[in-house]
Amino acid sequence: MNIKDSELILETLLQGGIIAYPTEGVLGLGCDPDNEEAVFKLLKIKNRPVEKGLILVAKTYSQLLPYIDDARIPMDMRTEIFSSWPAAITWLLPASKHAPKWITGDSDYIAVRVSQHLVVGQLCELFNKPLVSTSANVAGTQPALNAEQLNRQFSEPPVLVEGELGGNKKPSQIRHGMTGQIIRDK
C-alpha cells in the first residue's frame, strides 16, 4: 500500500466523509456505500437525485458480492462479465436484498465495476470493501481532471487522494448484465 496519507483517507471514509480520487478517466468522488448520510452528502454536493443510483467500484468481484444477487446472473452472461474485468466497464447486475436503495436508486439492479486502476484498487483494499464511484463534478458540468478543477467545482472540496488518471478519454462503458446491451458508451 503506497497511498499517501492512507490514515487520513481511511479515517475520512470511516467517519462518513467524501474523498476524490483518480480513476481510469477522470477524478471520482467516493464514500462508504453503506453509510446513508455519507451518500446523501455526496449526492447533495453533486446535485444528483438519489433515484439515478450510483456505481460501486471494487478491487475484486468478491468485494461486490454483498450487494449483488449473484445467483440471478444468467449463466450465458457470466463469462462475458467476469472476463471483462478488471477494466473501465460497469455492469448492471441484480441487486441483493441487502443493497442500499440510496445506491440502487429506483432500480432493482446495481451498477458495479472491478477497476484496473492501481489507486482505486489500493483504496478498496485499504477500506476492505467497495467505494461509491461517481465523477467529481456538479451535475451538468465537466468532470474534474485535477485538483484545481476539483477546487473550482466544490466550495468544500473533498479529501483528494493523489495519483495519476488512467488515460481513458471517456467514462466507463455501462452494460446490462442480463442482456449484454450497452447502456452508455460515451
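Bear in mind that the values here come from a model prediction, so they are computed numbers and not experimental data.

1. Examining the side chain of Arg 78
Point 1. Here Arg 78 lies in helix 4 (residues 75–83).
Point 2. For Arg 78, a relative accessible area of 18% translates into the label buried.
Point 3. Leave out the neighbours within four places in its chain, and Arg 78 touches Asp 70 and Ile 73.

2. Description of the packing of helix 1 (residues 6–14) against helix 6 (residues 118–127)
Point 1. The interhelical angle for the contact between helix 1 and helix 6, taken along N-to-C directions, is 65°, at an axis separation of 10 Å. The handedness of the crossing between helix 1 and helix 6 is right-handed. Two secondary-structure elements touch here, helix 1 through Ser 6, Ile 9, Leu 10, Leu 13 and Leu 14 and helix 6 through Leu 123, Leu 126 and Phe 127.
Point 2. For the contact of helix 1 with helix 6, the per-class residue count stands at 7 nonpolar, 1 polar and no charged.

3. Focus on the pattern of salt bridges
Point 1. Following the criterion strictly, the structure yields 7 salt bridges and no others.
Point 2. Measuring nitrogen to oxygen at the nearest pair gives 2.8 Å for the salt bridge that ties Asp 32 to Lys 129. Linking Asp 32 in the loop between strand 2 (27–30) and helix 2 (36–46) with Lys 129 in the loop between helix 6 and strand 6 (131–135), this pair joins segments that are 97 residues apart in sequence. The pair Asp 32 / Lys 129 is uniform in exposure class, with both members buried.
Point 3. Note that Glu 148 and Arg 152 form a salt bridge whose closest N and O atoms lie 3.5 Å from each other. With Glu 148 and Arg 152 both in helix 7 (residues 147–153), this residue pair falls 4 residues apart, about one helical turn.

4. Looking at the packing of aromatic side chains
Point 1. Summed over all chains, the structure comprises 3 aromatic pairs.
Point 2. Between Phe 82 and Trp 85 the ring centres are 6.3 Å apart and the planes differ by 55°, which places this aromatic pair in the tilted class.
Point 3. The class for Trp 85 is buried, based on a relative accessible area of 10%.
Point 4. A connected cluster of aromatic rings, assembled from ring pairs, spans Tyr 61, Phe 82 and Trp 85.

How each quantity is defined
- Residues numbered from 1 in each chain as written.
- Predicted model: local features only at pLDDT ≥ 70, side-chain atom pairs only at ≥ 80, totals over all residues.
- Heavy atoms only, no water.
- Helix = DSSP H or I, 4+ residues; strand = E, 2+ residues; numbered from the N terminus.
- Buried < 20%, exposed > 50% of the residue type's maximum accessible area, 1.4 Å probe, protein only.
- Contact = heavy atoms within 4.5 Å.
- Axes fitted to C-alpha atoms, helices over the stretch in contact; angles between N-to-C directions.
- Left-handed = near helix turned anticlockwise from the far one by under 90°.
- Nonpolar A, V, L, I, M, F, W, Y, C, P; charged D, E, K, R; others polar.
- Salt bridge = Lys/Arg side-chain N within 4 Å of Asp/Glu carboxyl O.
- Phe/Tyr/Trp six-rings, centres within 6.5 Å; stacked < 30°, edge-to-face > 60°.

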